[in-house]
Structures are given as structure tokens and as C-alpha cells.
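Chains, contacts and geometry: an overview
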Amino acid sequence: MATAIQLSNVSKAYTRDRLTIPVLNTVNLSIEEGEFMALMGPSGSGKTTLLNLIAGIDRPTTGSVTVLGQDIAGLNETMLARWRANTVGFIFQFYNLIPVLSAFDNVELPLLLTKLSRAERRRQVETALSIVGLADRMDHTPNQLSGGQQQRVAIARAIATDPALIVADEPTGDLDKNSAQEIMTLLERLNQEFHKTIVMVTHDPTAAHHASVVRHLEKGDLLASEERHGNH
Amino acid sequence: MEIIKIIFKNLFRHPLRNTLTMLGIAIAVSAFGLLATVLTSWDAGMEAASVDRLITRQAISFIFPLPLSYRDKVAHTEGVQEICALNWFGGVYKDPKNFFPRMACEPETIFDVYPEYQITKNELETFKKERNACVVGESIAQQFGFKVGDVMQVEGDIFPGTWDFKICAIYKRRDKNTDGTQMFFNWQYLNERLLQESPDRANEIGWIVSKLKPGANAATVSEAIDSQFRNSPAETKSETERAFNQSFVSAYGAIFTAIRAMSYIIVIIILFVLGNTMIMSARERTREFAMLKTLGFSGMQLSWFIAGEAIVMSLLGSVVGTVLLFGMVYVVGELVPKQFFPIFFVAKSTIITAALSAIVVGLLASIQPIVRTRKMKIVDGLRFIG
């Protein structure tokens, strides 16, 4: 399999009040196309920062990040925004749906940046909502949906543009056990059936168990050990 | 299209707050519009004043009369087509509060010189024939309930005694810029009585209105008139009607400046009200804007979301305010005697200014949230807890 994501000697440090706080220390990571990787580690270990670097919403202090053949550290903000719109689907812990928009409108948001016609957008939104099992809830606003359903709408939004890469930051962190199970099953399906490369940050070992590979971070260091789950 | 849909949906995110903001804008716009209407009403009086009519009066002051003999001399001046001599009569109709201009005039020419006051041929004939006939404007007729045939009894002050005037016509205004509050009666009626009761005051006129021939130069004709009476006991000053009216209005310049300043202050208040709402609204949505940036929305697109919302809110407030303004202008027009604001209506320019102000205020109010949103790093925005 080809390499989807390659991080070489990536370090990240934040400066707060003239203090430099290192978050990631010389991380080297390779993720294959079609892989479902879970990043685990205690709070403050740098998981979300690593995820943000892969997703192109933050820049490394040093090192290079290559995603699907594109060195994203070299892109300016406009190019990076376009790249994200075309390449990455995002799933957040708190769903980040727009409360005044229906499920349909929320899923349609990333498609507004494409050149698709209204009919084509409608078709893609309906397909995405069908995949997550919410075809009958298109007109519902987020406050008319449960937490699990809201996260499924967020997943539909993430796959609406059919991106090659999906990044998920604690996708089950705000859900009950059953809803979390549904979400992980859905992500697993996206990985296996639709061949999406998925990088997920989680605290939850049960959620991590759905990933094909689990990597651990500790105090900004990516540990060498990795768990591979045989069912993938 | 979708962006507009999202902008409108966002307006219902905080219905109470946004409704209150819009109402605040509406009230401010109506107050702004009312002040602007007062100003434009004054200006409309100026605009209505003709530039092809000259007013010739005593050079020392308007209150001193001119000899009747001046009338024919002015009439024969090169460039003058028609003239009408007038006298300010004053007087009290029932109560001193019932003020409206009452003037003695020459029935033969008054409606040629002032074609904007319109009466029928028959009415004009009656006005010419009947000594105590008078013509009143439709606004005054409406205010006091005058009908043709009514007798209006006026107690004279400048010209003492009781004066009966029979209303023979109610003149119509040619357009809404025309003053409908005047009352004209026959100068002969005044003069004949003065000849009997105060002969020393007879055969005098207050001022002469000259209608210029087409193409005549107002300045040249003014000079030609005034030069005839130079070094006489009653020198004259001739000027266009507009300049004459402006000399009255200029006395109120400070008041107009204050009204104008007040209207600008109101616009600034709108800006603060809307700015406050937009800042709060954008701050609450920091995570949402970060999410949109994450999805690939550019800073420019987010700027349109914010500015569009502010402009729509401001314009909606402005529309409601304009509707309120029409109501307020109607009420003020009914309550305030017509003679204070003979011409009082919402000008197109007021509506356009209100709409443009709403757009500008919307843009200005969204500057801070736009700058903040554009500067915001996605990672900081996603972590934001409002």
C-alpha cells in the first residue's frame, strides 16, 4: 500500500507570554492509504496537535508534513484552505454543527465551496446522510437530534465531498456508550467499505480498538510501539 | 444564494436580541428621518421659491412700505413680464395662535405671478369682482374647515378694525412642494378703507413680486429696478424669491446645524447598537467560524457572512424605521399647525439616505468581528469556550 501521510522530524512548539512550550518533539510517522489509525495518550501529550498538523489546520515549527503526495507545510493559507476542502473530512468532539441550519444544510456546507450544481449537491448530501442512516432526518435541526445523531450528521458532513482522508478528534468523547459504539462502527465502515484513510484521536481504548493501528504519544514523543488489530 | 439563506437563518439565532437590535435601529432611523424631514421641509421651501421671480422691497427693511407709484415703474422695467404688489396684512383670526399668512394682493395678476396656486377661471372672476373676496390655501382650509362662501372675520393689528373676508376660492397646490397655507385678498379692499380711516397709510404697498420674461437675467433686472429708485426716500432692494427666502432662513442657521448634528449623532448611536450586537454574535460563534475555516471557507467568505448579517439586520431595521417615519410624519403633520411646516413630507432623499446609512453602518459595525475572525487561528478558535 502507498503512504498516505508522512511526517518527517516534525516538531511543534507554542509561544505563550514569551515562554516557548514544546508540544511535539521530532515526530516521524507514516500512515498507509486506507489505514485507520488511532492516536492515544494522556491529556497534553500532543495528540490533537499532531492531528491538526496532519489535517493542515496548524503548521509545524520544524519538519515536513506530506499528505497524499502534497507537502502541506509549503502551502499558503488560501491554498491550504482549498486543499483541506478537497482532501480532508473533519469530525470534532462537539460536532460543531450550525444550530440554525438543518441536517441537510449542515452537510451541504463543504459542498458550497465546490462547483457542483444545486442538484448535484443535493444528491451528494442525500447520499452522505443515507450512509450515516439519517436520510429521514434531513430537515431536523441539531437541537432536534440526539448527540449520537448529531455526530452522525457531522460524519455525513465530513464525507460529503468524498475526501480521501478523515480526521476525527475524540469523536466519541461526548457520547454515551451505545452512541459511541454506533459512531465507531460507522467509522470502521467508512474505512473498510469506502477505503477512507482515518486518523482518530481518542482517550477511549474501546474506540481505539476499532482502529487498525494504535499509536501512543507521551509528552510530545511518539512512542515506537504500535498495536495492530488483526481484524483489519 | 446559499450564503444569503444562511445569513437570514442566523438572524433567528437570537430572536429576542436581534429583534430588539432591529427595533433600536428602527427607532433611531425614524428619529433620524424625522429630523431630516424637518430639514428637507425647510429646504423644500427654498426649492419651491422661484428663481424667475424677483422680490422688490424697501432697502432698509422689509417692514417699511413702498409708494404705490413704484408699481408701474417696476412693471415697465426691461425684462419684467408681470408684477403683483402685495401687503402684509397680519391680523388675528379668532385666536392669535391661528396664525397663517394673510396678504393683500392684486387679483388681476397674483395667479399669473404664482401659477403654483391654482383656482378655476370662475373663481378668479369672482375674486376680481368682489371687493372683500379672499382665496385661501387648501391646507389652511382643511385645518380650519373653511368652505367657499364662508366669511372669515379677522381682527386687524397692523391695520386696526374688524375685517370680513368672504372666501371665494380655495386654491389647490400644483405639487407637494407648494405652500398651501396662504390667504390672499384684494389690495383695493384694504386701500379703500385706509383712505377713509388712515389716509396717511393709504396708497402704500409692502413689496412687489415681478415675474421675469423668459431668458431675462435676474441680476440685471434687479439692478435695473433698484437703479430707478436710488437716492430716493425709499430705496429698493430687489432679489430673487429664493434669495429673499434664504435671508429669512439663514437666521435659523444655528438651529439647522444643531438638528443636522443631532441626526449624525443618531447614526452613531445606531452604529454602537449594531456593533455591540455583531461583536457579541461573532464572539459566541468563534468555534463555528473556526469550523468553517477548517472546512475550507476563506476569510473573505466569512467576512461576507458577518457583514451580510449586519447589513441585513441594519436594513430590516431601516425598513421598519422608514415605515414608522411615515407614521410619525403624518402624526406630526396633523398635530403641528400647517403654517409651521407648510411643506412637510418624507423626501425620497431621506429614504435613500436612511438606506445608505444602514448599509454603511452595517459595514462599519462588522469591522471588528471581521478583523477578529480573519486573524483567528483555527486551532485557537476550535478551543474557544465562549
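Just so we're clear, the structure is a prediction, and the values are computed from it rather than from any experiment.

1. Let's talk about helix H5 (residues 147-159) of chain A
For an α-helix the count is 3.6 residues per turn, leaving residues at separations of three or four pointing the same way. Residue and element names in this part refer to chain A. Along its 13 residues, H5 runs 19 Å from first to last C-alpha, staying within 8% of the 18 Å computed at 1.5 Å per residue. Burial within H5 is extensive, with 11 of its 13 residues counted as buried. Buried residues of H5: Gln149, Gln150, Gln151, Arg152, Val153, Ala154, Ile155, Ala156, Arg157, Ala158 and Ile159, and no others. Buried residues along H5 sit in contact with strand E6 (88-91), helix H3 (103-108), helix H4 (118-131), strand E7 (165-169) and helix H6 (177-192).

2. Examining the sheet that holds strand E2 (residues 19-32) of chain A
Read across the open sheet, the 4 strands follow the order E2-E1-E4-E5 (chain A); overall the sheet is antiparallel. What marks the edges here is a single partner per strand, and that holds for E2 and strand E5 (70-71) of chain A.

3. So, the pairing of strand E3 (residues 80-88) of chain B
All names here are of chain B. Sheet topology note: the E3/strand E11 (residues 207-212) ladder contains 6 bridges and is antiparallel. Residue Ile83 lies in a different strand from E11, and its bridge partner there is Ser210. Sheet topology note: the E3/strand E4 (residues 102-105) ladder contains 2 bridges and is antiparallel. Opposite Trp88, over in E4, you have Met103 as the bridge partner.

4. A closer look at the nonpolar core
The nonpolar side chains of soluble globular proteins are, as a tendency, buried together. If you look at the biggest cluster of nonpolar residues, it comprises 107 residues, and the most contacted ones within it are A:Leu39, A:Ile54, A:Ala156 and A:Val167. If one sorts the elements of this core by residue count, helix H2 (residues 15-48) of chain B sits on top with 10 residues. The residues touching A:Ile54, leaving out its near neighbours within four places in the chain, are A:Ile5, A:Val65, A:Val67, A:Val167 and A:Val199. With 48 residues, the next largest nonpolar core counts B:Leu66, B:Trp163, B:Trp207 and B:Val209 among its residues.

5. So, the packing of helix H10 (residues 253-284) of chain B against helix H13 (residues 348-365) of chain B
Any two packed helices are characterised by the angle at which their axes cross and by the distance between the axes. All names here are of chain B. Contact pair H10 / H13: the axes reach a minimum separation of 9 Å and the direction vectors enclose 45°. As judged from the angle between their axes, H10 and H13 are oblique. When you trace H10 past H13, the crossing you get is right-handed. Listed contacts from H13 to Val267, Ile270, Leu271, Leu274, Gly275 and Met278 of H10 are Ser357, Val361, Gly362, Leu364 and Ala365. Classifying every residue of the contact of H10 with H13 gives 8 nonpolar, 3 polar and no charged.

6. A closer look at the packing of helix H12 (residues 299-335) of chain B against H13(B)
Residues and elements named next belong to chain B. It is the contact of H12 with H13, at a shortest axis distance of 8 Å, that shows an interaxial angle of 150°. By the angle class used here, H12 and H13 are roughly antiparallel. For the pair H12 and H13, the sense of crossing is right-handed. On H13, the residues touching Ala307, Ala310, Ile311, Ser314, Leu315, Gly317, Ser318, Gly321 and Thr322 of H12 are Ile351, Ala354, Ala355, Ala358, Ile359, Val361, Gly362, Leu363 and Ala365. When grouped by side-chain class, the residues that make up the contact of H12 with H13 number 12 nonpolar, 6 polar and no charged.

7. Quick word on the interface of chain B and chain A
Contact residues are listed per partner, giving 16 residues for chain B and 18 residues for chain A. When residues in the side of chain B that touches chain A are grouped by element, the largest group, 5 residues, is from helix H11 (residues 286-295) of chain B. Considered class by class, the residues forming the side of chain B that touches chain A number 7 nonpolar, 4 polar and 5 charged.

8. Regarding the environment of A:Trp83
All names here are of chain A. Structurally, Trp83 is set in helix H2 (residues 77-87). Judged by C-beta crowding, with 17 C-beta atoms within 10 Å, Trp83 ranks as partly exposed. Linking Trp83 and Ile72, residues 11 residues apart in sequence, is a C-alpha distance of 8.5 Å.

9. Focus on the confidence of the model for chain B
Summing up the model confidence of chain B, the mean pLDDT is 90 and the portion of residues at 70 or higher is 96%. Across the whole predicted complex the pTM is 0.71, and at the interface the ipTM reaches 0.91.

Rules used throughout
Per chain, the residues get numbers from 1 upward, laid out in the order the sequence is written. Whichever chain is written first is A, and whichever ligand is written first is 1; the rest continue in order. Local features in a predicted model are, by the rule used here, given only for residues with pLDDT of at least 70; side-chain atom pairs are given and counted only at 80 or more, and totals for whole chains, interfaces and linings are based on all residues. Strands are runs of DSSP state E lasting at least two residues, helices are runs of H or I lasting at least four, and both sets are numbered from the N terminus onward. In this analysis, the expected span of each helix is defined as 1.5 Å times one less than the number of residues it contains. Exposure in this text rests on C-beta crowding, where 20 or more other C-beta atoms within 10 Å of a residue's own make it buried, 12 or fewer make it exposed, and counts in between make it partly exposed. The C-beta atoms are placed from the backbone. Here, residues touch in the contact sense if the C-beta positions derived from the backbone fall within 7 Å of one another. Two strands are said to pair when DSSP picks up at least two bridges between them. Here, a nonpolar core denotes buried Ala, Val, Leu, Ile, Met, Phe, Trp, Tyr and Cys residues that are linked to one another through C-beta atoms within 7 Å. Axis definition: a line fit to C-alpha positions, over the contact stretch in the case of helices; interaxial angles, taken between N-to-C directions, run 0 to 180 degrees. Any angle between 65 and 115 degrees counts as roughly perpendicular, while under 35 counts as roughly parallel, over 145 as roughly antiparallel, and the rest as oblique. Note on convention: near helix rotated counterclockwise from far helix by under a right angle means a left-handed crossing. Clockwise means right-handed. All residues other than Ala, Val, Leu, Ile, Met, Phe, Trp, Tyr, Cys, Pro, Asp, Glu, Lys and Arg, Gly among them, are scored as polar; the first ten of these are nonpolar and the last four charged. Residue-level confidence of the predictor is what pLDDT reports, using numbers from 0 through 100.

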